[in-house]
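Take a look at the letters that make up each chain.
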Amino acid sequence: MAKTAKRHKCLDCGATSARWAGRCPSCGEWNTLVEEASLGPLVRAVDELDLSGMPVPLASVDVSEAAAIPTGVDEFDRVLSGGLVPGSVTLLGGEPGIGKSTLLLQVLAARAAAGHRVLLVSAEESAHQVRLRAERLGPVPPGLLILSTTDVAAVIASVVEAAPDLLVVDSIQAVAVGEAVPGQRRASGVPGSVGQVNECADQLIGLAKARQVATVLVGHVTKDGTLAGPRALEHMVDTVLSFEGDRHHALRLLQAVKHRFGPTGELGLFEMGDQGLNRVDDPGRLLLGDRLTGVPGGIVLPALQGRRTLMVELQALVAPMGQAQPKRSVVGLDASRLVMTLAVLDRHAGLPMASVDVFASVVGGIKVGEPAADLALALAVASAATGTALPADLAAVGEVGLAGEVRQVVGIPRRLEESVRLGFRRVVVPASTPDGPSGLELIRVDTVAEAVTRFGLHSGR
Ligand code: TYD
Ligand code: MG
């Protein structure tokens, strides 16, 4: 029997060699080789570890698999900054009847038409009902598969079997983990219960990752607008989209609330028609289409929504106080900014606001959270309070500080371009604003008081 040579290990690079040397043959460091037997048991145990879970240089991480694949529905892709990432899980929330099923059927059809195999799991509607809806939307491509079931085990089996690269589950509240399936954990409760939604989402997320199938889960929202089921659902998925709009109007807004693969500010705009959802090419005209001009309380704001600039109408209504406490109410605006704006108007512009009810809203279901809306809001409220209408061709943009000063905002060139494009001739802007596009008069103001005076809004009623 051959005598085994004592192995030596380099403390620096970890390479082993059969005999001792002053210099490691592998990394070239001096005096780093030690006899293996003299290493402690912990060091020797390291050799037996599985090193696949070790840190790697961030720069060497492969990003090709994280690349988003366009679905072919432009506005949907825009919100997702490109499309759906393989293996990612997206939750699409929205009120009943807003068009979630329609949107996703269009996404599935577009992907299938591009030659992919896609699977719709319909837990709420029969295959027959879905087929009828699909007919309305256009030709039904052969790669679009449907499974009408509420059983997650059946979903998993068909994904393994059919290997689609896009899976839609409509909805997460309607599916359940069956108790009869051997080896499966028991989830208690009926479909839609916290336990079931959690367990089903857990299983489907595992499936998405294991099979690299992009997965979209439909989620219902409760009356107050939050997703039904466990709050943790939003943390479990990669992306949360919200689909909103007034059911009685055609405009639908798609926004990312959370997105692991890109920015969230982007807004997708659709119009619900007879043949499904169409992208809105000129939202400015649609949003301002029904505007009443010459009425106190209204003004237009060039608002930024992601990479988009939207001309949105702000409206204010000021009424004598109805109760002991003055009421402040907003739709689509930040309530605390309204309160601040009222304080500034009261304190710095001589408009008494302490004993009136004030309502303010953004028309069209758009949400404006940016401070750049302050000046327009202040002018709308002042116009409503004094019963003096603002000119129809006037827009306003600027942040208002607590001292009543008007501050510069981001993206002013884009905002001014869009204003002229939609026919506005004058824009009230912060004093430091550089010249805008030709054909647009800039009314530069230092303070809210100056803006209010300029349009004769300080007279009181
Ligand atoms: P749906 O996608 O079923 O909504 P959700 O899944 O969010 O509950 O769509 C609901 C509404 O959309 C329904 O009232 C009918 C309307 N609709 C159209 O106006 N045009 C169409 O082409 C389609 C398919 C639906
Ligand atoms: Mg539906």
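Residues numbered from 1 in each chain as written. Chains lettered and ligands numbered in written order. Predicted model: local features only at pLDDT ≥ 70, side-chain atom pairs only at ≥ 80, totals over all residues. Heavy atoms only, no water.

Bringing the overall build of the protein chain into the picture now. Counting secondary structure elements, the protein chain contains 12 helices and 21 strands. Computed over its C-alpha atoms, the radius of gyration of the protein chain comes to 30 Å, more than 25% above the 23 Å expected for a compact globule of 461 residues. Projected onto the principal axes, the alpha-carbon positions of the protein chain cover approximately 110 × 65 × 50 Å. Split into buried and exposed, the 461 residues of the protein chain put 45% on the buried side. In the protein chain, once contacts between residues fewer than 6 apart in sequence are set aside, the share between residues at least 24 apart is 65%. For the protein chain, the accessible area works out to roughly 22500 Å², and carbon and sulfur atoms hold 54% of it. Mean positive and mean negative side-chain charge positions of the protein chain (43 and 49 charges, respectively) differ by 2 Å. (Helix = DSSP H or I, 4+ residues; strand = E, 2+ residues; numbered from the N terminus. Rg over C-alpha atoms; globule rule 2.2 N^0.38 Å. Buried < 20%, exposed > 50% of the residue type's maximum accessible area, 1.4 Å probe, protein only. Contact = heavy atoms within 4.5 Å. Areas by Shrake-Rupley, 256 points an atom, 1.4 Å probe, with all protein chains shown as cover. Lys, Arg positive; Asp, Glu negative; His and termini not counted. Charge placed at Lys NZ, Arg CZ, Asp CG, Glu CD.)

Let us look at the packing of aromatic side chains. Describing an aromatic ring pair means giving the distance of the ring centres and the angle of the ring planes. Scanning all chains against the criterion turns up one aromatic pair. Both rings, one in Phe 243 and one in Phe 270, keep their centres 6.0 Å apart while their planes meet at 85°; by these two values the pair is edge-to-face. With Phe 243 in strand β9 (residues 239-244) and Phe 270 in strand β11 (residues 267-273), this residue pair connects regions lying 27 residues apart in the sequence. Assessed through its relative accessible area of 2%, Phe 270 is described here as buried. (Phe/Tyr/Trp six-rings, centres within 6.5 Å; stacked < 30°, edge-to-face > 60°.)

As a further point, take the packing of helix α3 (residues 100-113) against helix α4 (residues 127-137). Where α3 meets α4, the closest approach of the two axes is 10 Å, and the angle between their N-to-C directions is 70°. What the angle tells us is that α3 and α4 run roughly perpendicular. Read as a crossing pair, α3 and α4 show a hand that is right-handed. Contact residues: α3 offers Ser 101, Thr 102, Leu 105 and Gln 106, while α4 offers Val 130, Arg 133, Ala 134 and Leu 137. In terms of residue class, the contact of α3 with α4 is built from four nonpolar, three polar and one charged. (Axes fitted to C-alpha atoms, helices over the stretch in contact; angles between N-to-C directions. Parallel < 35°, antiparallel > 145°, perpendicular 65-115°, else oblique. Left-handed = near helix turned anticlockwise from the far one by under 90°. Nonpolar A, V, L, I, M, F, W, Y, C, P; charged D, E, K, R; others polar.)

What follows concerns the sheet that holds strand β2 (residues 16-17). Strand pairs in the sheet, formed through backbone hydrogen bonds, run parallel or antiparallel to each other. With antiparallel pairing, three strands are arranged side by side in an open sheet as β2-β1-β3. Two strands lie at the open edges of the sheet, namely β2 and β3 (33-35), each paired on one side alone. (Pairing = 2+ DSSP bridges.)

With that out of the way, let us pick up the site of ligand 1. Around ligand 1, a shell composed of 15 residues is seen, among which Gly 97, Ser 101, Thr 102, Gly 273 and Gly 276 lie nearest. A distance of 2.6 Å separates an oxygen atom of ligand 1 from a polar side-chain atom of Thr 102. In the environment of ligand 1, an oxygen atom lies 2.6 Å from a nitrogen or oxygen atom belonging to the backbone of Gly 276. Computed on the free molecule, ligand 1 has an accessible area of 560 Å², of which 73% lies beneath the protein chains in the complex. Looking at the shell around ligand 1, the elements with two or more residues in it are α3, α4 and β11. Sorting elements by how many residues they give to the shell around ligand 1 places α3 first, with three residues. Residues that form the shell around ligand 1 fall into these classes: three nonpolar, seven polar and five charged. (Near = heavy atom within 4 Å. Polar contact = N/O pair within 3.5 Å; in protein donor to acceptor, adjacent residues only side chain to side chain.)

Judged by how many residues are buried, strand β13 (residues 298-305) sits mostly within the fold: eight of eight residues are covered. On β13, burial covers both faces: Gly 298, Val 300, Pro 302 and Leu 304 on one face and Ile 299, Leu 301, Ala 303 and Gln 305 on the other are all buried. Of the strand pairs in this sheet, β13 and strand β14 (residues 308-320) are connected by eight bridges, and their pairing is antiparallel. By the bridge assignment, Val 300 is partnered in β14 with Glu 313. Hairpin connection from β13 to β14: two residues lie between these consecutive antiparallel strands, with Gly 306 at a positive phi of about 65°.

Once that is clear, we can look at the nonpolar core. The biggest cluster of nonpolar side chains holds 67 residues, and the ones touching the most others in it are Val 312, Leu 345, Leu 379 and Val 381. When residues of this core are assigned to their parent elements, the largest contribution, 10 residues, is made by helix α10 (residues 374-386). Residue contributions to this core reach at least three from each of two domains, namely domain 2 (69-279) and domain 3 (286-454). Leave out the neighbours within four places in its chain, and Leu 379 touches Ile 299, Leu 390, Ala 396, Val 428, Ala 451, Val 452, Phe 455 and Leu 457. Within the second largest apolar cluster, 29 residues are counted, among which are Leu 103, Leu 108, Val 130 and Ala 256. (Core = buried A, V, L, I, M, F, W, Y, C linked by side-chain atoms within 4.5 Å. Domains from an automatic or database assignment.)

Time to look at a nonpolar patch on the surface. A cluster of nonpolar residues, Val 56, Leu 58 and Val 61, forms a patch on the protein surface that exposes about 320 Å² of accessible area. Along the polypeptide, Val 56 turns up in the loop between α1 (41-47) and α2 (74-79). Residue classification places Val 56 among the exposed residues on the basis of a relative accessible area of 56%. (Patch = residues over 30% accessible without salt bridge, like charges linked within 9 Å, V, L, I, M, F, W, Y side chains within 5 Å. Salt bridge = Lys/Arg side-chain N within 4 Å of Asp/Glu carboxyl O.)

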